[in-house]
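Chain by chain, the residues:
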Amino acid sequence: MKFLNSVSSARSQSDTFKKDPLRSGRYAISLSGDTEPDGQIVPENPKPEITEWPDNKCAFCENKFESTLAKLGTHPICDNCKTNIDKKIFPLWVKMFFGGILVLVVFSLCWNFRFYSAYKNVNRAFVANAEGDGVKAEVFMTQAAEQAPESGDIITFAHYYKSINLLVNDRSKQALDELEYCKNLDESFKVNQLVLSAEMGAAYDTKDYALFLKTAKAALSIDTTSAQSWASVASAYACLYAISSTDSLKQRSLEYINKAKTIDTVSDRSKEYYGLIQYRLDSKQIISRTAFHKQFPNGYPTK
Ligand SMILES: [Zn+2]
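Residues numbered from 1 in each chain as written. Predicted model: local features only at pLDDT ≥ 70, side-chain atom pairs only at ≥ 80, totals over all residues. Heavy atoms only, no water.

Asker: Break down the pattern of salt bridges for me, citing the residues and quoting the values.
Answerer: For side chains bearing opposite charge, pairing can occur when the charged atoms are close. All chains considered together, the criterion is met by nine salt bridges. Where K183 meets E180, a salt bridge forms, and the shortest distance between an N and an O atom there is 3.1 Å. The exposure class assigned to E180 is exposed, which follows from its relative accessible area of 52%. It is possible to trace a salt-bridge network through shared partners that takes in D170, E272 and R289. (Salt bridge = Lys/Arg side-chain N within 4 Å of Asp/Glu carboxyl O. Buried < 20%, exposed > 50% of the residue type's maximum accessible area, 1.4 Å probe, protein only.)

Have a look at this one:
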């Protein structure tokens, strides 16, 4: 039986192979790719029909409205849906948070305004100082110091500019007090020399001419390139001569004034100072600069 079955099976297989083996039965192969196994043509996938979404139909709730709706991106949206979406995007706590941030920003701007203003005044003071306007420099720096009293540096500079103006106006003792606050400034600000100038002036004002001479010599030892430094020593010797009439003091004064003249005989400031010292040596009178100006508006002749 097994043999008969196999013969019958072999025959049916042979019959099958007489047909197109690739196009018969369930497992026929479609060579062109466009036919079903039984030879039917494969229909193309039907394209979905695209209909345009009406402008008056909300893409979210799908309700229709009479008028054209606003759009969210490319989708029409009704007012109600827009409000709901906004609520989801910006819930109340987010709005309150941003409100709080805004309040903080405004508060910090107001709070920090004085710092911005102080910064502006510091710059104005530096510019004024660079232009040689010491009075303006002092005014701006003092304003800055009042606006930002936390800043030690600004306060120091306010004292510094004030001390210079006091020195210029022969108010040496007050300048000395101001310079007490400037000890921490960089060497380039020459605070030591200013202190010596103030000490010289204060000694002169109190008629302590020995101290005047001592401080003038100390200032000269710091800067020997300045005619004013040599002239200050000459001035002190002239004061000591005026009160003692000791000729050697007059001689010393003339030595120092001659040294000053080797450095500067041109500037008005130096010429005026030489005249004042010469007048002191000639007259043995110690008069203030203002009185000297009144008496000799065109200067005093020097030898
Ligand atoms: Zn809607």
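That shown, we press on.
Asker: Mind laying out the coordination of the zinc ion, listing which residues take part and the relevant values?
Answerer: Protein ligation of the zinc ion involves C58 (SG), C61 (SG), C78 (SG) and C81 (SG), the donor distances falling in the range 2.2 to 2.3 Å. Metal-centred angles of 103 to 115 degrees between the four donor atoms at the zinc ion mark the site as tetrahedral. Donor residues binding the zinc ion come from one chain and are separated in sequence as C-x2-C-x16-C-x2-C. Judged by its relative accessible area of 2%, C78 is buried. (Donors = N, O, S within 2.8 Å, 3.2 Å for Na, K, Ca; no water. Tetrahedral: all angles 85-135°; square planar, octahedral: opposite > 155°, others 65-115°.)

Asker: Give me the lowdown on helix α9 (residues 227–244), citing residues and values where you can.
Answerer: The first and last C-alpha atoms of α9 sit 26 Å apart over 18 residues, in line with the 26 Å expected at 1.5 Å per residue. Burial analysis of α9 places 16 of its 18 residues in the buried class, the great majority of the element. The opening residue of α9 is S226, an N-cap whose side-chain oxygen sits 3.2 Å from the backbone nitrogen of Q228. Taken from the residues just after α9, S245 is the one with a positive phi, measuring 60 degrees. (Helix = DSSP H or I, 4+ residues; strand = E, 2+ residues; numbered from the N terminus. Expected span 1.5 Å × (residues − 1). Polar contact = N/O pair within 3.5 Å; in protein donor to acceptor, adjacent residues only side chain to side chain.)

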